[in-house]
Amino acid sequence: MQGNTVSHGLPWHRRSGGNHSAEPGEPVCDRLPPGFTTPPPGFRARPARASVLTVPLAIIGGILLLWGGAFTVARIATDPAPLPSAEVRDAALAFRVTEIEPPVKSIGPATATGEYRVLTVLVRNTDDEPRSCAGCDQTLVDDRGREYPAAAIPGSAVPPGDTVTVKVAFDVPVGTVPAVLEVHGSQSSAGAKVDLR
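Residue numbers run consecutively from 1 along every chain, following the written order of its sequence. Note on the predicted model: pLDDT of at least 70 is required for a residue's local features to be given, and 80 or more for side-chain atom pairs to be given and counted; whole-chain, interface and lining totals, by contrast, use all residues. Hydrogen atoms and water are omitted, and side-chain values are computed over all heavy atoms in the structure.

Draft legend 1. Local environment of unusual backbone geometry. Here Ala-91, not a glycine, exhibits a phi torsion of approximately 55 degrees, which is positive. By the criteria applied, helices consist of DSSP H or I runs no shorter than four residues and strands consist of E runs no shorter than two, each listed in order from the N terminus. Its location among the elements puts Ala-91 in the loop between β1 (88-90) and β2 (93-100).

Dropping the structure here:
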């Protein structure tokens, strides 16, 4: 088989520094282990470094994936989004929370000791007389059972059978997770709880 004979070392062996010269007239296939064939012309072996880099890159990718997942979990814990809530009634007023705004440090000229969490609440008057919850006790309860009184409640009256939107602000420690809003339709009422989770 004249086409499979060489008179010098195999080119990929010579590049690696080996001394694998074939004898003149000796078939190349007789010099290779069983099951191996000669590479096609122009064949170059892939450098070993490519496989060595695979493990570090996989580790870095795994760390970034875990970090991104932890960041997502932290955002979900900080800003729950279970809204809109169910409507609850206390005295002549019905309440429904529609939004929990992201925390802010100040509202107008007022600056929070920790941070402000502002809840948007729909207040519906079920009575035939105007009602207001400006002097009522609205309390925010966090996911650890701690209670915070409202820092500011608008004092607008609610006409009979009408619904108004009010924003109630609470000054809470940084990172507080709102869990329940306790609302009151009057200063002497028993109160009702709005689940924020």
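Draft legend 2. Structural context of the nonpolar core. Put simply, buried Ala, Val, Leu, Ile, Met, Phe, Trp, Tyr and Cys residues joined by side-chain atoms within 4.5 Å make one nonpolar core. Exposed residues in this analysis have more than 50% of their type's maximum accessible area, buried residues have under 20%, and partly exposed residues fall in between, with area computed by a 1.4 Å probe over protein chains only. By size, the foremost hydrophobic cluster in this structure holds 23 residues, and its most contacted members are Phe-95, Leu-119, Val-121, Val-123, Leu-181 and Leu-196. Of all the secondary structure elements, the ones that give two or more residues to this core are β2, β4 (110-125), β7 (163-172), β8 (178-183) and β9 (192-195). Considering every element that reaches this core, the biggest residue donor is β7, with 5 residues. Among residues more than four places away in sequence, those in contact with Phe-95 are Ala-86, Glu-87, Val-88, Asp-90, Val-121, Leu-122, Val-123, Cys-133, Gln-138, Val-183, His-184 and Gly-185. We call two residues contacting when some pair of their heavy atoms lies within 4.5 Å.

Draft legend 3. Expanded view of the environment of Ala-169. With respect to the helices and strands, the residue Ala-169 is situated in strand β7. Judged by relative accessible area, which is 7%, Ala-169 ranks as buried. Considered as a pair, Ala-169 and Pro-149 are 20 residues apart in the sequence and their alpha carbons are 9.0 Å apart. The contacts of Ala-169, once residues within four sequence positions are left out, are Ile-107, Tyr-116, Arg-117, Val-118, Ala-150, Ala-151 and Ala-152.

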